[in-house]
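# Geometric and topological summary
As a plain string of letters, each chain reads:
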Amino acid sequence: ARIVRTGTMELEVSDVTAAVGAARDGIRAMGGYIGASTTADGGGHPVATITYRVPVDHWEDALALLRTLGGRTTKVVSEQTQAVEVTGSIVDLEARIRNLRASETALQGIAERATKVSDILEVQAQLTSVRGDIESLTAQLVELNDRADLATLAVTFRVPVVAVEVARKEWDPTVVVDEAVASLLGMGQGLATAGIWLAI
């Protein structure tokens, strides 16, 4: 059976650069490679998203590697995988290409026997069309086989958001001072108002 495997993972790691390096080395050791990569600044911390192409025989090994990364993965935030059976599609494409090649051979035989210019031009037009179809279907077959041979795994690496940092951002001393001053002014106004009423 031919199966196309795809997946996504989001990982919290102790160090993004070190984790990305360890993942790259591990995936390469399995015969895989990096298909694409992006890095961004996530609130002062680097966030990397890497797409790996992994030999399908090492799919589970790749997942296991990324879940730990030698202790660098502190948390697997999410993991989603998908497997799609494509054996039927591959067999169908191969059959259609064989039929088109047979048509191409037959048309070539007709072209060799044709004597009228109009017949030759008509056969050449049909040959061009058939060859275009063969090229298109062959490209689809190559791409499908590639996806079945090499699984695709997109992984996002980020450092954990430390609770203390969140608390520090939420607690703004200037806001607290403003609130305290407003409260004291309110109390002072209230006391002054009460004193006026009592004096009257």
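Predicted model, so just to flag it, every value in this text is computed and none were measured.

Okay, the nonpolar core next. Ranked by internal contacts, the top residues of the largest apolar core, which has 23 residues, are Leu11, Tyr52, Leu66, Val155 and Phe157. When residues of this core are traced back to their parent elements, those giving at least two are β1 (3–13), α1 (16–29), β3 (45–55), α2 (59–68) and β5 (150–158). Here this core gets five residues from one element, more than from any other, and that element is α1. Of all hydrophobic cores here, the second largest spans 16 residues; its members include Ile90, Leu107, Ala111 and Val123.

At a closest axis distance of 9 Å, the pairing of helix α3 (residues 87–113) and helix α4 (residues 117–149) adopts a crossing angle of 160°. Judged by the inter-axis angle, α3 sits roughly antiparallel to α4. The two elements α3 and α4 cross, and the hand of that crossing is left-handed. Split by residue class, the contact of α3 with α4 holds 14 nonpolar, seven polar and six charged.

The next point concerns the pattern of salt bridges. Under the counting rule described, the total for this entry stands at eight salt bridges. Ionic pairing is found between Arg96 and Asp92, a salt bridge with its closest N-O pair at 3.8 Å. One end of the pair, Arg96, and the other, Asp92, are both in helix α3, four residues apart, so they sit about a helical turn from each other. On the basis of relative accessible area, Arg96 is assigned to the partly exposed category, the value being 40%. Judged by its relative accessible area of 40%, Asp92 is partly exposed. Among the ionic pairs, Arg131 bridges to Glu104, the shortest N-O distance being 2.8 Å. On the criterion of sequence distance, the pair formed by Arg131 in helix α4 and Glu104 in helix α3 is long-range, its members being 27 residues apart. By relative accessible area, which is 32% here, Arg131 ends up partly exposed. Residue class for Glu104 comes out buried when judged on its relative accessible area of 15%.

The rules behind these values
Residues numbered from 1 in each chain as written. Predicted model: local features only at pLDDT ≥ 70, side-chain atom pairs only at ≥ 80, totals over all residues. Heavy atoms only, no water. Core = buried A, V, L, I, M, F, W, Y, C linked by side-chain atoms within 4.5 Å. Buried < 20%, exposed > 50% of the residue type's maximum accessible area, 1.4 Å probe, protein only. Helix = DSSP H or I, 4+ residues; strand = E, 2+ residues; numbered from the N terminus. Axes fitted to C-alpha atoms, helices over the stretch in contact; angles between N-to-C directions. Parallel < 35°, antiparallel > 145°, perpendicular 65-115°, else oblique. Left-handed = near helix turned anticlockwise from the far one by under 90°. Nonpolar A, V, L, I, M, F, W, Y, C, P; charged D, E, K, R; others polar. Salt bridge = Lys/Arg side-chain N within 4 Å of Asp/Glu carboxyl O.

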